[in-house]
Amino acid sequence: MLFGGNRLGPRMWLAATSIVVFAAHFSALWIIMANSWMQTPQGYEVVNSPAPARAVMTDFTQVMFTPSFLPRIFHVFFASWTAGSALVLSVSAYYILRKRNIDLAKANFTLALPFFVTFAILNFIAAGPRQAIEVTDHQQAKLAAIEGVFDDQSCAPLYIVGWVNESEQKVTGLSVPCLLSLLSYRSKDATVTGLNSFPQDDWAPVNLAFQVYHLMFNLAMFFALMAVIGVALYFWKRRIFTWRWVLWLFVINVAFTEVAIITGWWTAEIGRQPWVVWNVLRTEDAVSPTLTTTQAWFSVVMFVVLYSLLLVLFLYLLNAKIKRGPEPLEDVETVDVTSLPNTVREIFRSHGPRASGDATREPAHPVEAREVTP
Amino acid sequence: MSLNDVWFVLFSLVIAGYLILDGFDMGVGILHPLVARTDHERRIVLNSIGPVWDGNEVWIVLGGGVLFAAFPLAYASLFSGFYIAFMLVLLVMILRTVAVEFRSKRRSPAWRALWDTVFALTSLALALLLGIAFGNIISGVDLDQQGDIHESLLNMLHPYPLVIGVTAAAMFAVHGAIFLSMKTDGEIRQRVHHYLPRAQVAFVALTTLVVVWTALTKDEVSARYREDFWPIVFPAGALVACVLLWRMLRQGREFYAFIASAAMIGLLLLSGGAGMYPNLIISSIDPAYNLTVDNAASAPSTLKVMLVIAAIGIPLVLLYTAGVYYFFRGKTELESDSY
């Protein structure tokens, strides 16, 4: 995909790009599969001899398709599509605001908007709630932690914002009455099991889990709102391209999608504490016996320093690339695409991909030019 | 041959594949400051591995994955016991990746010089670290009854692994030089041909030293070769490949020289693997504590399921990897989407 632009015909380039798209989904699939087993383990037995004790797989299908896997993979797919389309929208909105590459920017904006709208809304009304139901069914202590429910409660409220006082076991904040019961159990009078029904040793850090979860939740609401605004202004005489403050919102929106993805992961991982494998293996028991505190600090500091540095450089380069933008069409070096190999057979028949088209074969059609990004 | 043995062979082959593929990337990195002077030349050298280097690096991830899934106890011991060493390997690999990606993103000569230096140093460091790791595996480590390794970083830096580290760097320099010779022409290629014989001499001398040293002092490994005669085909094959490499270069048949060099690297790794078998980690405290293909393996059902996945996946990976190399064959030219 990255290096094929000058060497492949349109169809094969699309094929190469499609393989990348497929592989990205496939990669997410296995990562979420492994993590879902840690959230809702099944299809294994713990064998004690020979020592050390270990979990041994008994059923591969059960290990692959744990209860949390399907809800989570769709949640992750939708979130990734949302973030990806938000990036395209952000760059396009920036060009429209700066009155540069207007045609290109509008075309890209129009292309990315339906994706953003579809996936932001699907995540908010379908995949997100579906995953919350799965957590309710299989990880009650986690649900109680992320919503700050201490005592068993019927008609439990859903907090929009709040602060958990862990010692007094109270949550102060803004909430919608009975909504948590309704969403989790599809009945407004259902009882949500509180943290006090579980040993305190098994609680996640309540306020932290609550805060990261609600940050993600509120951002999801914000994305849904952005989606509605985007669609409304697009169909209302294309005002989306002239209302500057909405365009600016779309410019910064991409950062929020990143924050939402990260806080979503934190919700899953912090909410799972103190377990590494839910109700099977505690985090404190999973630590390597030879690992010292100094070593752990060394690696944490190393990664924080390295990645902070790289993040700064990355943002700097990305920003420079966006600000430079694509070259105007008339300056762009073009490649005669009709002479490039456009089927698998052509790729392997041609003698040297560069030499194939230039002189030996006359293109059958008038020369079609493709823009090449320098 | 049991299921565990099959996985031992597969693991060895994946690591051999990594060394062959990322080996020439490292070699190109090591040679890069020597053979390329101008910005244009440096870009040519960098882009000779441009479309393939990150695919090559994934083989080490595959190697880690195979070890994790097939021999989890060995994986746990190694990655915990060599914690700081692995962090350094990660640091080097991350910086090397970033150097390739960032280098040409700005025009400033200082910026480019910085990332060129990072690319060369991290390529060299990675080759050294891999050699040092290999040397420690062959030497055996402080592995106790619980399967915990107690080695400090400084303990790992004794002479034997250090020499293997330098040998690895020389080996990858030879491998990378042959690759560059295929992918470049003009002045770059002349300079490559200036350094290639020197790297070959260094490599052969160092390898001879390592082989003698191993045979004389590494009893666990040399005993394997005395007990069983047939594993001798691996080092013997490597020697044949080394001679063929030299002959092919003399005849100017670079592609075959590259194949010979790849075969040589693979066979040298397999020589080590054959010497280790059935051990994965050798304990210097008591041979009874050794982690082997039997006591460190996953359950048979897991190994079976993974074998099915590997049987589907690995041919597919080999097929498209070969396709990519074929597609990007020929001398490297700079294009608008080059690094």
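## A short note on the overall build of chain B
- Check the secondary structure of chain B and you find 12 helices and 2 strands.
- Its helices and strands in sequence order give chain B the pattern α-α-α-α-α-α-α-α-α-α-α-β-β-α, from N to C terminus.
- In terms of overall size, chain B behaves like a compact globule, its C-alpha atoms giving a radius of gyration of 20 Å where 339 residues would be expected to give roughly 20 Å.
- With the C-alpha coordinates of chain B rotated into their principal frame, the extents come out at 55 × 40 × 40 Å.
- By residue count, 54% of the 339 residues in chain B fall in the buried class.
- For chain B, restricting intrachain contacts to residue pairs at least 6 apart in sequence, the fraction spanning at least 24 positions comes to 79%.
- Summed over all atoms, the accessible surface of chain B reaches about 14,800 Å², with 71% contributed by carbon and sulfur.

## Side note on helix H1 (residues 3-35) of chain B
Residues and elements named next belong to chain B.
- Given a rise of 1.5 Å per residue, 33 residues ought to cover 48 Å, and the 47 Å separating the end C-alpha atoms of H1 matches this to within 8%.
- At Asp22, H1 shows its largest kink, close to 35°.
- Among the 33 residues in H1, 26 count as buried, and that is most of the element.

## Observations regarding the packing of aromatic side chains
- Applying the stated criterion to the full structure yields 40 aromatic pairs over all chains.
- Taken together, a centroid distance of 6.3 Å and an interplanar angle of 85° make the contact between Tyr234 of chain A and Phe241 of chain A edge-to-face.
- Ring-pair connections join several aromatic residues into one group, and the members of that group are Phe109, Phe116, Phe222, Phe223, Tyr234, Phe235, Phe241, Phe250 and Phe256 of chain A.
- Here the guanidinium or amino end of Arg239 of chain A rests over the ring plane of Trp236 of chain A, the centre of that ring lying 4.0 Å away.
- The ring of Tyr256 of chain B is capped by Arg253 of chain B, whose NZ or CZ atom sits 5.4 Å from the centre of that ring.

## Focus on a positive patch on the surface
- Taken together, the side chains of Arg98, Lys99, Arg244 and Lys323 of chain A define a basic patch exposed on the protein surface.
- You can see Lys323 of chain A is positioned in helix H10 (residues 293-324).

## Considerations on the pattern of salt bridges
- Overall, the coordinates contain 11 salt bridges over all chains when judged by the stated rule.
- In this structure, Asp202 of chain A and Arg282 of chain A form a salt bridge, with 2.4 Å as the shortest nitrogen-oxygen distance. On the criterion of sequence distance, the pair formed by Asp202 of chain A in the loop between strand E6 (191-192) and helix H7 (206-235) and Arg282 of chain A in strand E8 (residues 281-282) is long-range, its members being 80 residues apart.
- Judged by relative accessible area, Arg282 of chain A falls into the buried class, the value being 17%.
- The salt bridge partner of Glu57 of chain B is Arg96 of chain B, with a shortest N-O separation of 2.8 Å. Pair noted here: Glu57 of chain B is in helix H3 (residues 53-70) and Arg96 of chain B is in helix H5 (residues 83-102), with a separation of 39 residues, a long-range link.
- Taking the relative accessible area as the measure of exposure, Arg96 of chain B reaches 2% and is therefore buried.
- What you see here is one network of salt bridges that share partners, running through Asp39, Arg42, Arg103, Arg112 and Asp116 of chain B.

## Quick look at the state of the cysteines
All names here are of chain A.
- If you walk through the whole model with that rule in mind, you get 1 disulfide over all chains.
- Across the disulfide, Cys155 is cross-linked to Cys178 (sulfur-sulfur distance 1.5 Å). Placement of the pair is Cys155 in the loop between strand E3 (153-154) and strand E4 (158-165) and Cys178 in the loop between strand E5 (170-176) and helix H6 (179-185), with a sequence separation of 23 residues.
- Overall, the relative accessible area of 14% leaves Cys178 in the buried class.

## Things to note about the nonpolar core
- Counting residues in hydrophobic clusters, the biggest one holds 106 residues, and the most contacted among them are Trp7, Phe71 and Ile281 of chain B.
- Here the element with the most residues in this core is H1 of chain B; it accounts for 16 residues.
- Those residues in contact with Phe71 of chain B that sit more than four places away from it in its chain are Asn4, Trp7, Phe8, Val66, Leu280, Val293, Ala296 and Ala297 of chain B.
- In this structure, Leu97, Met226, Leu233 and Phe250 of chain A belong to the second largest nonpolar core, which totals 30 residues.

## With respect to the side chain of Gln131 of chain A
Residues and elements named next belong to chain A.
- Examined against the element boundaries, Gln131 turns out to sit in helix H4 (residues 102-138).
- The class of Gln131 is buried, set by a relative accessible area of 15%.
- Once residues within four sequence positions are removed from consideration, Gln131 is found in contact with Pro71, Arg72 and His75.

## Comments concerning the confidence of the model for chain A
All names here are of chain A.
- Scored by pLDDT, chain A has a mean of 84; 91% of the residues are at 70 or more.
- Mean pLDDT values over the elements of chain A span from 40, in helix H12 (residues 355-360), up to 93, in helix H3 (residues 69-98).
- pLDDT under 50 marks residues 352-374. Its contacts with residues more than four places away, or in other chains, come to 44 contacts.

## Some words on the environment of Gly173 of chain A
Residue and element names in this part refer to chain A.
- Its place among the elements puts Gly173 in strand E5.
- When the C-alpha atoms of Gly173 and Ile160 are compared, they prove to be 7.5 Å apart, with 13 residues separating the residues in sequence.
- Other than its neighbours up to four places away in sequence, Gly173 contacts Tyr159, Val161 and Gly162.

Criteria and thresholds
Residues numbered from 1 in each chain as written. Chains lettered and ligands numbered in written order. Predicted model: local features only at pLDDT ≥ 70, side-chain atom pairs only at ≥ 80, totals over all residues. Heavy atoms only, no water. Helix = DSSP H or I, 4+ residues; strand = E, 2+ residues; numbered from the N terminus. Rg over C-alpha atoms; globule rule 2.2 N^0.38 Å. Buried < 20%, exposed > 50% of the residue type's maximum accessible area, 1.4 Å probe, protein only. Contact = heavy atoms within 4.5 Å. Areas by Shrake-Rupley, 256 points an atom, 1.4 Å probe, with all protein chains shown as cover. Expected span 1.5 Å × (residues − 1). Bend = angle between axes of the 7 residues up to and from the residue. Phe/Tyr/Trp six-rings, centres within 6.5 Å; stacked < 30°, edge-to-face > 60°. Lys NZ or Arg CZ within 6 Å of the ring centre and 35° of its normal. Patch = residues over 30% accessible without salt bridge, like charges linked within 9 Å, V, L, I, M, F, W, Y side chains within 5 Å. Salt bridge = Lys/Arg side-chain N within 4 Å of Asp/Glu carboxyl O. Lys, Arg positive; Asp, Glu negative; His and termini not counted. Charge placed at Lys NZ, Arg CZ, Asp CG, Glu CD. Disulfide = S-S within 2.5 Å. Core = buried A, V, L, I, M, F, W, Y, C linked by side-chain atoms within 4.5 Å. pLDDT = per-residue confidence, 0-100.

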